[in-house]
Amino acid sequence: MSTDKSTNQVSLLPHCVPCKSQCCRYSSPILDKTERDYIVDTTGNDYFVVVETPEGSYFVIGRKPDGSLRDLETEPCSFLTPAGACSIQHIKPLDCRAYPLRAVPQVNGTLSWHIHRACPAVGFLSEKFLEAADHYARLSASRFPPHLYENWLKRFSSWTLEKDAVLREREEEISDLRWWHAFFADGFESFFPGQQDEQESLQIATALGALAELRNNSNVLELAGRRAWLSHASARSDTCTVTAYFGNPSPAENDAHGYKKGGRPPSICADYRLLPFDGEMFELVLGHELCIGLWRDEQEDRRVLQEVKRVLRDTGTFVLSLPNLEYCVREELCDKTLIVSGKTWGISNYFDPESRRWIQHRTRKDQDGNSVTKASNCRLYTWPELSSLLRAAGFKTAAVYGGLDGSKLSIRSQKMVVLARA
Ligand code: SF4
Ligand code: SF4
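Model, not experiment: these values are computed from the prediction. Here the residue numbers are simple positions, counted from 1 along each chain's written sequence. Chains carry letters from A onward and ligands carry numbers from 1 onward, assigned in written order. With the structure being a predicted model, the display of local features is reserved for residues of pLDDT at least 70 and the display and counting of side-chain atom pairs for 80 or more, all residues being used for whole-chain, interface and lining totals. Side-chain metrics in this entry use all non-hydrogen atoms of the structure; hydrogen atoms and water are not considered.

J.: Just to check I follow, could you spell out the sheet that holds strand E14 (residues 371–379) for this structure?
T.: Two modes of strand pairing occur in sheets, parallel and antiparallel, and in both the strands are linked by backbone hydrogen bonds. Sheet architecture is open: four strands sit in the order E11-E12-E13-E14, paired in antiparallel fashion. Each edge of the open sheet carries a strand with a single partner, namely strand E11 (336–340) and E14. On average, each strand axis in the sheet is inclined to that of its neighbour by 25°, with strand direction left out of account. Here, strands pair whenever DSSP counts at least two bridges between them. Put simply, DSSP marks the helices as runs of H or I at least four residues long and the strands as runs of E at least two long, and each gets a number from the N terminus on. Of the pairings in the sheet, the one linking strand E12 (residues 343–352) to strand E13 (residues 357–365) comprises eight bridges and is antiparallel in character. Across the sheet, Ile347 pairs through a bridge with Arg362, a residue of E13. Interaxial angle, 0 to 180 degrees, is taken between N-to-C directions of lines fitted to C-alpha atoms, where a helix line uses only the stretch in contact.

The structure is reproduced here in structure tokens:
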């Protein structure tokens, strides 16, 4: 139900593909006669039924292509193709264009703003998208008196009436619907679970030490992803002092102090774009996947790299371990099932060639049939792209490998490991 088919900033297509167009598989938009007639005249298909109420009438997509009535709660919209695309994309109803945003007319003449938080794209809505959605939502709502609109909501779009759909401070809340509220919000740890494998941590730390020519008693900073390999390994050895941070830019949790060797690593959170070090310098900074890429845009990734440069000694080394784009596209671009702690997650992946972002949806179904979807949206870099980003952040030299073992990067390498010097 994106506002546009192209994958620019007013499109949700990169999320709608892995989502498999869930919002088109239940409920119906509201249409007035003008909009319904236009679609029927343009397509030659009349899948609409009129709903009469004491306050007036409106149309819903209530008929199947064979002419029989559609069950709006369980059967997909008749304009949805078997491949999951909207067959009337460029003339689709206003309400579909505004989704997941909705304006509800109130009897006092004002509008109440609502958002469907079940849509996995919520949290990734660009300002351009919200601008367009605002326009379409206002247009759609303005066609109907409040009680008639409410009749449609109650019967065919009940999510709008749920408590958590209401946006109280619309402008503030919408501008604050940044990706991390969807991604790092509660359940992040359970979304990326997994016990720290001690053996694996030690092996990785040893390989990393050799690659970066790490000397004893070095001061090391680890920008951890879901695992803090080096910190975990160093907690069992006397070689270096390691400070580890886990990426979570929630201000409430942004009181990180790091942890030093000898203690079990807690999950400590920080905003990598603004590292909390004033004067403390490091011989080695290790950046894991998730320390760049998940931010909103390349400027923010660059800010992370600039921060690393700021806290790195002149003779220091920065090692960055990221997913290898070529490998991901070749091997990971498929649907998968993952069982974690007895729970089954369905995983859908999509690579948007326009934004170069990897969109992943993980959906867990509860026993009672309810499901929860967590979405991530990560910029994947090629080596030339990353190399220029590093140069722009002030790094002088950089080399690339296919792993921490120093192997050559190829399309078969799962990781792209970059070694940069201050
Ligand atoms: S629920 Fe959201 S992500 Fe899914 S198809 Fe609808 S608009 Fe797209
Ligand atoms: S008209 Fe298109 S966008 Fe709207 S519900 Fe149907 S398939 Fe989805």
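So that's the structure; there's more coming.
J.: What is the right way to look at unusual backbone geometry in this model?
T.: Glycine aside, residues mostly have negative phi, and peptide bonds are mostly found in the trans state. Omega for the bond connecting Tyr99 with Pro100 falls within 30 degrees of zero, at 10°, which places this linkage in the cis form. You will see that Lys20, though not glycine, has its phi angle at about 60°, which is positive. Relative to the helices and strands, Lys20 is located in the loop between helix H1 (13–19) and helix H2 (33–43). Buried, partly exposed and exposed residues are distinguished by accessible area as a fraction of the type maximum, computed with a 1.4 Å probe on protein chains only: under 20%, between the cut-offs, and over 50%, respectively. With relative accessibility at 35%, the residue Lys20 sits in the partly exposed group. Despite not being glycine, Ser27 has its phi angle at roughly 65°, a positive value. For Ser27, the location among the structural elements is in the loop between H1 and H2. Judged by relative accessible area, which is 17%, Ser27 ranks as buried.

J.: Whenever I open this one, helix H12 (residues 325–332) confuses me. Can you help?
T.: Side chains of residues three or four places apart in an α-helix project in the same direction, reflecting 3.6 residues per turn. For H12, the full list of buried residues reads Leu325, Tyr327 and Cys328. One side of H12 carries all its buried residues, which in axial view fall inside an arc of 160°. Arc, as used here, means the arc of the directions from the helix axis to the C-beta atoms.

J.: Can you help me understand the packing of helix H11 (residues 298–311) against helix H13 (residues 383–392) in this one?
T.: Packed helix pairs are characterised by how far apart their axes lie and by the angle those axes make with each other. Closest axis-to-axis distance for the H11/H13 pair is 9 Å, and the angle between their directions is 55°. With respect to their mutual orientation, H11 and H13 come out oblique. By crossing handedness, the relation of H11 to H13 is classed as right-handed. Between H11 and H13, the residues in contact are Glu298, Asp301, Arg302, Leu305 and Gln306 and Leu389, Leu390 and Ala392, respectively. A class-by-class count of the residues in the contact of H11 with H13 yields four nonpolar, one polar and three charged. If an angle is under 35 degrees, it is roughly parallel; if it is over 145, roughly antiparallel; if it lies from 65 to 115, roughly perpendicular; otherwise it is oblique. Helix crossings get a hand from a simple test, with the near helix turned counterclockwise from the far one by less than a right angle marking a left-handed crossing and a clockwise turn marking a right-handed one. Any two residues having at least one pair of non-hydrogen atoms within 4.5 Å are treated as being in contact. Polar here means any residue outside two lists: the nonpolar Ala, Val, Leu, Ile, Met, Phe, Trp, Tyr, Cys and Pro, and the charged Asp, Glu, Lys and Arg; Gly therefore counts as polar.

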